[in-house]
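# Reading the structure
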Amino acid sequence: MILSKKLRHISPKRRRTLTITAISGLFVVLVAVYTFWSMNTWSSYKTTYESWQKELQVSVDAAMALPGTTSAERAKKLTAFKNVSGTITSAQQSLCHTPVIIAWQHVIVGLRQHEEACAQTISKADTFGKKMQMTTSYLESEQTVAMTIEKTLAASQDKVTEATWNSQVTTWQDADKAIGKMSSGATFAPVKASALEKVKVLESTWQELLAAHAAKDKTKYTEAQSNLTIAYAALGSLSTVSAGQLAPLTTALQSAYAQLFSLKT
Amino acid sequence: MCFMCSVAYGVAGVSVLLGNSGAPLALATATQVKTISSQVQSLQDLPSVLGSMKVPNLEEPAWLKDQNAAEAAAKAAKSVPVVKVVTYDVTSKGAITANMAEFRSQANATLNDGRGWARLGVSFQEVASGGMFTLVMSEASQMPTFSSGCGTDYSCRAGRYVVINQDRWLGATPSWNNAGGSLRDYRHMVINHETGHWLGHEHEFCGGPGQPAPVMQQQSIDLQGCTFNAWPTASEMWSTQLGITKV
């Protein structure tokens, strides 16, 4: 009321000047606020993906630092690596997201570079995550086979009397079924096939031994006994088959790690 | 001054302020990159499981032990020169249900086994009649007819007669069976023991706990802390009957 009374005493020309000045002032304030907000948003955009990248590496390094001497420790370490893959998948949803109100600003070269760098980081992280996922999936299958074999071997590592030979056939048959039933990726398939083949040989060699024992046939018994030694040695070579299959996975993972964390090797 | 221009100027300032935009971060060291590969490889379980694997140590089955021992004995017997042939004839007394052909064959195998009295350098030969001793398969109830010292429970030797109690031949003794001894080993033992009497041996006693019993010990009755043994020991390798002092 007071302002409008005061304005009535101002000439129309001066009133127009004042109005323009007020609007311009308001505009400048708005621009300043928008600019400040834009600065903040872009700044946090950059720091968010950079710090996420650093945190990711900390997670990977922490997983690497875990002990892995016993099978329980190895299983725990594997879970830590799997969690890293999970972190990457969830980050893909939230990172590199630009608010619509400032999205147009990517026409500015410097800001577009941020967007591109973020997208590249996510893309590299995605590659790393996928390689990690493939590797952990492989290792999970490998641990399942190892656990099955370990359980089967536990029944025959001490002196085996003729009374328990029959149960040896059964335990290897169980191992055969357990390995046959497990699902695995394409990379692990050759290891699974090799494991099945070797387990079946052990199963049939124990059967040969049992038959020779029942027939009290010394020649066949001695033959089955040496075949058993060969079959166990063949099973031992399974770790070489597995190492051969795992090698390309670790090479790919290593390369993805180097690219994600921008290190040329 | 247009709105868009103002904003553009402002944002250009932001990009300048942020600086170093999109420059890659050098976070990893070469060591770390190498480590991830070896760390992942070390997560394999198969090397440790298969590395500690051993081929099962199979306990030799009883039949194989017998076969191996018989083969070793046969080999050993070949190396002992036969200096004397001992003949014997086989007969039976009373109602016999045991297989006599098996009795003849197993008795001959035992007598000529390289673990037994053959080590004296003796070859035992079955003849139709007029042998140096007579091996008899006797019904248990007929045992006392050979001598007042022969009871119905066990086998015995009476003069030239080496008499095997049919009940023991067919079923060994409870103490032997309870200890897990095989019937074949019992048969080895009883033939060796009773023939040992004919060769001139008296009863022996256990040499000490855990040692194999002398074949001339009454193992069917009491082991005295010894372990069952179907074959004559080295110290029993003599025969007054054959004039062999010590092998």
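Residues numbered from 1 in each chain as written. Chains lettered and ligands numbered in written order. Predicted model: local features only at pLDDT ≥ 70, side-chain atom pairs only at ≥ 80, totals over all residues. Heavy atoms only, no water.

### Re the overall build of chain B
What chain B contains, in helices and strands, is 8 helices and 6 strands. Counting from the amino terminus, chain B carries its helices and strands in the arrangement α-α-α-β-α-β-α-β-β-β-β-α-α-α. Buried positions account for 44% of the 247 residues belonging to chain B. Of the contacts made within chain B by residues no fewer than 6 positions apart, 61% connect residues no fewer than 24 positions apart. (Helix = DSSP H or I, 4+ residues; strand = E, 2+ residues; numbered from the N terminus. Buried < 20%, exposed > 50% of the residue type's maximum accessible area, 1.4 Å probe, protein only. Contact = heavy atoms within 4.5 Å.)

### Re the nonpolar core
If you look at the biggest cluster of nonpolar residues, it comprises 72 residues, and the most contacted ones within it are F128(A), V145(A), I149(A), W172(A), W206(A) and I36(B). Counting residues per element, this core draws most heavily on helix 5 (residues 109-154) of chain A, at 13 residues. Filtering out sequence-adjacent residues up to four positions away, W172(A) remains in contact with T152(A), L153(A), V199(A), L202(A), E203(A), W206(A), Y232(A) and L235(A). By size, the runner-up hydrophobic cluster in this structure holds 33 residues, among which are F124(B), V190(B), W198(B) and V215(B). (Core = buried A, V, L, I, M, F, W, Y, C linked by side-chain atoms within 4.5 Å.)

### Brief notes about the state of the cysteines
Residues and elements named next belong to chain B. All told, the structure shown has 2 disulfides over all chains when counted by the stated rule. Bridging C150 to C156, the disulfide has an S-S length of 1.9 Å. The disulfide joining C150 to C156 has a torsion of about 95° about its S-S bond and is therefore right-handed. The same class applies to C150 as to C156, namely buried. A sulfur-sulfur distance of 2.0 Å marks the disulfide that ties C206 to C226. With the S-S bond torsion at 90°, the cross-link from C206 to C226 turns out right-handed. Here C206, found in the segment after helix 8 (183-199), pairs with C226, found in the segment after helix 8; they are 20 residues apart in sequence, far enough to count as distant. On the accessibility criterion, C206 (17% relative accessible area) is buried. (Disulfide = S-S within 2.5 Å.)

### Let's talk about the packing of helix 7 (residues 189-215) of chain A against helix 9 (residues 238-260) of chain A
Residue and element names in this part refer to chain A. Running from amino to carboxyl end, helix 7 crosses helix 9 at an angle of 170°, the nearest separation of the two axes being 9 Å. Judged by the angle between their axes, helix 7 and helix 9 are roughly antiparallel. Taking contact as the criterion, the partners of P190, V191, S194, A195 and K198 in helix 7 are, on helix 9, L238, V241, S242 and Q245. (Axes fitted to C-alpha atoms, helices over the stretch in contact; angles between N-to-C directions. Parallel < 35°, antiparallel > 145°, perpendicular 65-115°, else oblique.)

### Remarks on the confidence of the model for chain A
Averaged over chain A, the pLDDT score is 86; the fraction of residues at 70 or greater is 94%. Averaged pLDDT values over the elements of chain A bottom out at 66 in helix 1 (residues 2-8) of chain A and peak at 94 in helix 7 of chain A. (pLDDT = per-residue confidence, 0-100.)

### Regarding unusual backbone geometry
Its identity is not glycine, yet K216(A) carries a phi of approximately 50°, on the positive side. Here K216(A) lies in the loop between helix 7 and helix 8 (218-236).

### Side note on the sheet that holds strand 2 (residues 84-93) of chain B
All names here are of chain B. What the 5 strands build is an open sheet, ordered 3-2-4-6-5; its pairing is mixed. Each edge of the open sheet is held by one strand with a lone partner, namely strand 3 (122-126) and strand 5 (156-158). Strand-to-strand twist in this sheet, taken as the mean axis angle between neighbours without regard to direction, amounts to 30°. In terms of strand pairing, strand 2 meets strand 3 through 5 bridges, oriented parallel. Note that in strand 3 the partner of V86 across the bridge is F124. Those strands touched by helix 5 (residues 100-111) are strand 2, strand 3, strand 4 (133-138) and strand 6 (161-165), and its axis lies near 155° from that of strand 2. Those strands touched by helix 8 are strand 2, strand 3, strand 4, strand 5 and strand 6, and its axis lies near 155° from that of strand 6. (Pairing = 2+ DSSP bridges.)

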